Amino acid sequence: MIEITKITEIGDKKHIALLDTSSVSFLQGLSIKGLQPEAILNDYDLLLIPEWVLTEINDAPGRADYVQKLIDQEYPIFCIEEVSYTDLANNEEGNLYQIVRASTNQLGRIKSYLRRYVEKADPLDVDAYNDWIKKLYDE
């Protein structure tokens, strides 16, 4: 079982990712296939994992090992209690909105890229996975 330091304030951190089990599994899967998805995590000042997500990660040894590997590589991973979200934003809802917006920004960029460069009218006509995922990470 991995233990992650709880965070109570974000200070001046601007680039924040909120990780869930799906994103951890996705990154882990890419890593298993020999790709280096961790490179996209370098753009973030904080990687936050809600407590309920940490419980689910700890229930899956592979995911737990992967997150522990990220911690060992000194990625800024912290745990957050779901009830503490407004505390992180000094109880200012506008600041909380900015945190959520910052944490989801990268997702919007990825979805936009996939829509523009990967999706095709015929799903069977999509380029090979290794090709488009490499291009995505190179962008």
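Residues numbered from 1 in each chain as written. Predicted model: local features only at pLDDT ≥ 70, side-chain atom pairs only at ≥ 80, totals over all residues. Heavy atoms only, no water.

Report on the nonpolar core, specifying residues and quantitative values.
Among the nonpolar cores identified, the biggest contains 21 residues, and Ile 4, Leu 41, Leu 47, Ile 49, Ile 57, Val 67 and Ile 77 are the most heavily contacted of them. Of all the secondary structure elements, the ones that give two or more residues to this core are helix 1 (21–32), strand 2 (46–50), helix 2 (51–58), helix 3 (61–72) and strand 3 (77–80). (Core = buried A, V, L, I, M, F, W, Y, C linked by side-chain atoms within 4.5 Å. Buried < 20%, exposed > 50% of the residue type's maximum accessible area, 1.4 Å probe, protein only. Helix = DSSP H or I, 4+ residues; strand = E, 2+ residues; numbered from the N terminus.)

A description of the sheet that holds strand 2 should follow, citing residues and the corresponding values.
Taking strand neighbours across the sheet as the criterion, the three strands line up as 1-2-3 in an open arrangement whose pairing is parallel. Strands at the two margins of the open sheet, each flanked by one partner only, are strand 1 (16–18) and strand 3. Recorded for the sheet is a direction-independent mean angle of 30° between the axes of neighbouring strands. Both strand 1 and strand 2 contribute to a ladder of three bridges, which runs parallel. Bridge assignment links Ala 17 to a residue of strand 2, and that residue is Leu 47. Its contacts with the sheet put helix 2 on strand 2 and strand 3, and the angle it makes with strand 2 is roughly 80°. (Pairing = 2+ DSSP bridges. Axes fitted to C-alpha atoms, helices over the stretch in contact; angles between N-to-C directions. Contact = heavy atoms within 4.5 Å.)

Please give an account of the side chain of Ser 31 that cites residues and values.
Mapped onto the elements of the fold, Ser 31 is located in helix 1. Among the polar contacts listed, one links the side chain of Ser 31 to the side chain of Lys 69, at a separation of 3.5 Å. If we ignore the near neighbours within four places in the chain, the residues touching Ser 31 are Pro 37, Glu 38, Tyr 66 and Lys 69. (Polar contact = N/O pair within 3.5 Å; in protein donor to acceptor, adjacent residues only side chain to side chain.)

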